[in-house]
Amino acid sequence: MLVSDKTVRFHAAENQKSASGGRLSWTERIGYGLGDMSYNIIFQFVNAYLLFYYTDVDGISPAIIGTLFLVVRVLDAVFDPVMGAIMDKTKSRWGKARPYLLWAAVPLALFTFLCFTTPHFSVAGNRIYAYVTYILLGMSFSMQTIPVNSLTARMTDNLQERTLLTTIRMILVYIGILLSISCATPLAQYFGGDDQAKGFQLTALVYAAASFALNLISFLTVRERVAIKPEKKHGVKKTLAVLIRNKPLLILASSFLAFAVGFNIKLTTMVYYFTYNVHRKDLVFMGTLLFFGAALISNIFIPSLSKKWDRKNVMMISAALSLISYVGLQFTAYSSIPLILFLLFVSGFFTTPLNTLAWGMLADCVDYAEWKTGIRADGVVISSMSFTNKLGVALAGSFSAFFLNKAGYVPNVAQSVSSLQAIKDMNAIIPGIFILLSVLLISFYPITENRYKKMMKELEQRR
C-alpha cells in the first residue's frame, strides 16, 4: 500500500499537535483495539484447540505434543526481546511499531491455517511439520504482540487517553476471545460434520481471514504521534539489576506465572471435559461463552472496585471466591449440566481480575525500578511479563499433554476411569491449586497506594 508525500506531511503536522496530549478519535481508539483483537482471536483459538487437534485429529501422542509445546512456546517467549530489538531499529514512513500490523498480518494468518492442516506425511514427517509450522506461528505471535503493546505510548502521551485506550482495547480483546473460543466447535461441526480434520482446517481459515482483516483495519486507522526519545544504553549488569532488585516485579511475575499455568490448563482441556466426561461436545460453545462472557462482564467492574479498595485486595478476594467454582466442579456429577455451566460462569467472573490487574500493576514495577536503581527500563520490565505469560502457556500445554499421556488417554474412544479423572482434575482441582498459589504470592506484593504516592513524589523531586 502506497502513501503519498502529501499524506505523510499532513500526518506529521497532526503528530505535532497530538504530542502535547490531544484526544484520539473513536475510530483510532477502536482501530487500536482491533489490532490486539486480531492477535487474541488466533492466540486463544490455538491455546484452546491445538492440543485437541494434534491428539484427536492428527493422532500424535500426547507425550510428543507435550515436548513440542514446551520447546516451541519457550522459543516463542525468547523471541520476544529479539523482536523488540528489531522493532527499535525499524525505520519506515509509518513509524516503528505501526507497520508490523501490516507486515505480521500475512504470516499470522498463513501459519494459523497451516497448523490446523493435516499434511498426511509419514509419522516422522507429520511431527516435523508440526514443529516447523508451530515455531513459525510462534514467531508471528511475537511479530504482532510486541509492536501492539508498544503502540499505546506512541499514539498519545495523555495519561487519561492512554487509560481509555487500554480499556477499549481490553473490552475488544475479551469480545474476540469470547467469539473465537465459543464459536470454534460449532464452526468445525458446520464445515466438517464428522470430518474433524476438514472442520478445524476451514475454521482456522475463517479465523485467519478475520485476523488479517482486523490487522489491516488497525493499520489503516492508528497513527504514531509521539516520538519516543531513545533511552541511554546500559550494560547487562545494570539491566539485570532492574529485574533482580525489583521485588514487586518478581512477586507479580511469580503470581502471574501461577495464574497463567492454572488458567491455561483449564482452557486447554475444557473441550476434552465436555467431549469425554460430560458426553456433550455441543456444550463446548455454551461453556466457553459463559466462561469468557463472565470475564467480559467482570472487567466492567474492575476499575470501580480498584478505586474503592486496593488492587491487591481486589485480586485476592476475587481469586479466593473463584476457588469455590474449582472445588465445586471437582465434586459435581457429570449429569448436573446447569450446575457445571454455572460454576464455569463463576470461575470466569472471579478469576479475571488476576489477569487484568496484573497487567495494570506492571506500570508500578516500571516506576519502582527507576526509584530503586535510577534506571527506567520499560522494555525490560514489560518483556519480562510477556515472557512470563508465554512461559505459563508453555508449561500449561506441556503439563496437560503429559498428564493425559500418563493417565492412559487414547483419542476418539471411550476413556478409562483414570483418563476421565485426569481430565476432570485439569478442569477443576489442578487449576484451583495454581490459582491458590497465585493468591498466596500476590499477598506479598509490597506497593500499596500510600507507598506508591511517596515513591512517585521522590521520583518527581529527583527528576
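Here the structure is a predicted model, which is why all the values come from computation and not from measurement. (Residues numbered from 1 in each chain as written. Predicted model: local features only at pLDDT ≥ 70, side-chain atom pairs only at ≥ 80, totals over all residues. Heavy atoms only, no water.)

J.: Just to check I follow, could you spell out the side chain of K266 for this structure?
T.: With respect to the helices, strands and loops of the structure, K266 is situated in helix α10 (residues 247–277). For the buried residue K266, which engages in no salt bridge, the nearest side chain bearing the opposite charge is D425, 11 Å off. A polar side-chain atom of K266 sits 2.7 Å from the main-chain carbonyl oxygen of N427. Once you skip the residues sitting within four places of it in the chain, K266 turns out to touch F291, Y326, L329, L344, S347, M426, N427 and P431. (Helix = DSSP H or I, 4+ residues; strand = E, 2+ residues; numbered from the N terminus. Buried < 20%, exposed > 50% of the residue type's maximum accessible area, 1.4 Å probe, protein only. Lys, Arg positive; Asp, Glu negative; His and termini not counted. Salt bridge = Lys/Arg side-chain N within 4 Å of Asp/Glu carboxyl O. Polar contact = N/O pair within 3.5 Å; in protein donor to acceptor, adjacent residues only side chain to side chain. Contact = heavy atoms within 4.5 Å.)

J.: Just checking my understanding: could you explain a nonpolar patch on the surface for this structure?
T.: Taken together, the side chains of I297, I300, F301, L305 and W309 make up a nonpolar region of the molecular surface, amounting to roughly 480 Å² of accessible area. Relative to the elements of secondary structure, W309 occurs in the loop between α11 (283–308) and α12 (311–330). (Patch = residues over 30% accessible without salt bridge, like charges linked within 9 Å, V, L, I, M, F, W, Y side chains within 5 Å. Areas by Shrake-Rupley, 256 points an atom, 1.4 Å probe, with all protein chains shown as cover.)

J.: Even after reading the chapter, I still don't get the pattern of salt bridges, so can you show me in this structure?
T.: Under the counting rule described, the total for this entry stands at three salt bridges. In this structure, E28 and R225 form a salt bridge, with 2.6 Å as the shortest nitrogen-oxygen distance. Residue E28 is found in helix α2 (residues 26–57), and its partner R225 is found in the loop between α8 (196–221) and α9 (236–244); the two are separated by 197 residues along the sequence. Residue R225 is classed as buried on the basis of its relative accessible area, which comes to 15%.

J.: When you look at a positive patch on the surface in this model, what are you seeing that I'm missing?
T.: There is a patch of like positive charges on the surface, built from R245, K247, K372 and R451. Mapping K247 onto the fold places it in helix α10. (Charge placed at Lys NZ, Arg CZ, Asp CG, Glu CD.)

J.: Any chance you could explain the layout of surface pockets here in plain terms?
T.: Over the atoms a probe the size of a water molecule is rolled, and this reveals where empty space is left. Taken as a whole, the second largest pocket spans an internal volume of roughly 190 Å³. If you tally residues by element for the lining of the second largest pocket, the top one is helix α7 (residues 159–192), at four residues. Of the residues in the lining of the second largest pocket, the class split is three nonpolar, five polar and four charged. (1 Å grid on protein atoms, 1.4 Å probe; cavity = no way out; pocket = protein on both sides within 12 Å on 5 of 7 lines; lining within 4 Å. Points joined across faces, edges and corners; volume = space filled by probe spheres on them. Nonpolar A, V, L, I, M, F, W, Y, C, P; charged D, E, K, R; others polar.)

J.: Please explain the packing of α2 against helix α5 (residues 105–115) as it appears in this structure.
T.: The axes of two packed helices give the description: the angle between them and the distance between them. It is at 11 Å that the axes of α2 and α5 come closest, and there the two elements cross at 15°. Between α2 and α5, the angle falls in the class roughly parallel. Crossing of α2 against α5: the hand is left-handed. Here S38, Y39, I42, L50, Y53 and Y54 of α2 come into contact with α5, specifically with L108, T112 and C115. The residue inventory of the contact of α2 with α5, partitioned by class, reads seven nonpolar, two polar and no charged. (Axes fitted to C-alpha atoms, helices over the stretch in contact; angles between N-to-C directions. Parallel < 35°, antiparallel > 145°, perpendicular 65-115°, else oblique. Left-handed = near helix turned anticlockwise from the far one by under 90°.)

J.: Just checking my understanding: could you explain the packing of aromatic side chains for this structure?
T.: Working definition: an aromatic ring pair is given by the centre-to-centre distance plus the angle between the planes. Following the criterion strictly, the structure yields 33 aromatic pairs and no others. With centroids separated by 5.3 Å and ring planes inclined at 65°, the aromatic side chains of Y190 and F191 adopt a geometry described as edge-to-face. By relative accessible area, Y190 is classed as exposed at 67%. Judged by its relative accessible area of 27%, F191 falls in the partly exposed class. Judged by centre distance (6.1 Å) and plane angle (75°), the rings of Y273 and Y334 are edge-to-face. One end of the pair, Y273, is in helix α10; the other, Y334, is in the loop between α12 and α13 (337–373), with 61 residues separating them in the sequence. A cation over an aromatic ring shows up here: R93 above the ring of W94, its NZ or CZ 5.7 Å from the ring centre. The ring centre of F219 lies 4.4 Å from the NZ or CZ of R98, which sits over that ring. (Phe/Tyr/Trp six-rings, centres within 6.5 Å; stacked < 30°, edge-to-face > 60°. Lys NZ or Arg CZ within 6 Å of the ring centre and 35° of its normal.)

J.: Help me understand unusual backbone geometry, please; the structure alone is not making it clear to me.
T.: Trans is the prevailing form of peptide bonds, just as negative phi is the prevailing case for residues other than glycine. Phi angles above zero are rare outside glycine, and H120 is one such case at about 60°. Assignment of secondary structure puts H120 in the loop between α5 and α6 (123–155). Positive phi, close to 65°, is recorded for N412, a residue that is not glycine. One can find N412 in the loop between α14 (378–406) and α15 (417–427).

J.: Would you mind going over the confidence of the model for the protein with me for this structure?
T.: Low-confidence regions, as indicated by low pLDDT, have predicted coordinates that should not be scrutinised in detail. For the protein, the mean per-residue pLDDT works out to 84, and 90% of the residues sit at or above 70. Looking over the protein, one finds the lowest element-wise mean pLDDT in helix α1 (residues 5–18), namely 41, and the highest in α15, namely 96. Considering only residues more than four positions removed or in separate chains, one finds that residues 1–21, a stretch of pLDDT under 50, has 18 contacts. (pLDDT = per-residue confidence, 0-100.)

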